[in-house]
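Breakdown of the fold
Listed below, chain by chain, are the residues.
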Amino acid sequence: MNYFKKFSIYLLFIFNSMLLQSNETEFKIELIIFQYTSIKNTESFNTNLITPNDDLIYLYDSNSLYEKLDYSNFSNMSDFYNKLIKDTNNNAYHKLPSITYRDDTEIDKLRNIYNKMKTNPKYKLVDSKSWIQNITDINSSKFLHYLNKDYGFYIKFYKKRFMHIDIKSFLNNDKSGEKSLYINEEKRIFNEEVHFFDHPYFGLVISIEEI
């Protein structure tokens, strides 16, 4: 029975990947977060990041502060798979989320930047992430949220006339939970671009590429 269940889940993943690739344009997202090792800034950061608190989709890994779900690293997909397995009437197929994600563990486009930062004493690499997703219109888009003990981010891609990114990232520097060291930026983007988001204490490099 356990083997059959695992095999069924595997087939669901394969089926869903084929469905997404045939119906939606997908993009591979790569992200690097780093800190500066020498900080000469004397500026006092007195404001705190206001974070989104509803309609979030969660990214999980072994270091995240949220509990990983059963069938996916992404909360909305796990919900879909759970419904698909439990729904004997097959109605769950109609509950496929409009924003879909697939796991990816390799940094490809940003590999050279990652390797250079790794050997440069000016930088401390904090983490890297990569995933595959489709991008919807602004009314359907939601923030993808990740959080561990060192940092967190909220990132949303959406389409208007052009593609846009809305990124909110922060360092967990305050035991009170306030987020005073943060990046909060929204901008227009294009396929196959690499973007740099900077703060006196840390930064992010993000790439987007259609697959």
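Residues numbered from 1 in each chain as written. Predicted model: local features only at pLDDT ≥ 70, side-chain atom pairs only at ≥ 80, totals over all residues. Heavy atoms only, no water.

Bringing the sheet that holds strand S4 (residues 123-134) into the picture now. Here we have 5 strands laid out as an open sheet, ordered S3-S4-S1-S10-S9, and antiparallel in their pairing. Two strands close off the open sheet at either side, each with one partner strand: strand S3 (101-104) and strand S9 (193-198). With direction set aside, neighbouring strand axes in the sheet form an average angle of 20°. Where S3 meets S4, 4 bridges bridge the pair, whose relative direction is antiparallel. The residue of S4 that forms the bridge with Tyr-101 is Gln-133. Contacting strand S1 (26-36), S4, S9 and strand S10 (202-210), helix H3 (residues 111-119) runs over the sheet at an angle of about 165° to S4. (Pairing = 2+ DSSP bridges. Helix = DSSP H or I, 4+ residues; strand = E, 2+ residues; numbered from the N terminus. Axes fitted to C-alpha atoms, helices over the stretch in contact; angles between N-to-C directions. Contact = heavy atoms within 4.5 Å.)

Here we take up the pairing of S10. In terms of residue burial, S10 counts as a mostly covered element, since 7 of its 9 residues are buried. Here S1 runs beside S10; their pairing, made up of 9 bridges, is antiparallel. Its bridge partner being in S10, Ile-33 is matched across the sheet by Leu-204. Pairing of S9 with S10 involves 6 bridges; the strand directions are antiparallel. Counted as the bridge partner of His-195 is Ile-206 from S10. Here S9 folds back onto S10 in antiparallel fashion, the turn holding 3 residues. (Buried < 20%, exposed > 50% of the residue type's maximum accessible area, 1.4 Å probe, protein only.)

Glancing now at the sheet that holds strand S5 (residues 143-147). Judged by pairing direction, the sheet is mixed, and its 5 strands sit side by side in the order S2-S5-S6-S7-S8 without closing on themselves. On the outer flanks of this sheet lie strand S2 (56-58) and strand S8 (182-189), each paired with one strand and no other. The mean angle between the axes of side-by-side strands here comes to 20°, regardless of whether they run parallel or antiparallel. Relative to strand S7 (residues 163-171), strand S6 (residues 151-159) is paired through 9 bridges, and the arrangement is antiparallel. Bridge pairing in S7 links Tyr-158 to His-164.

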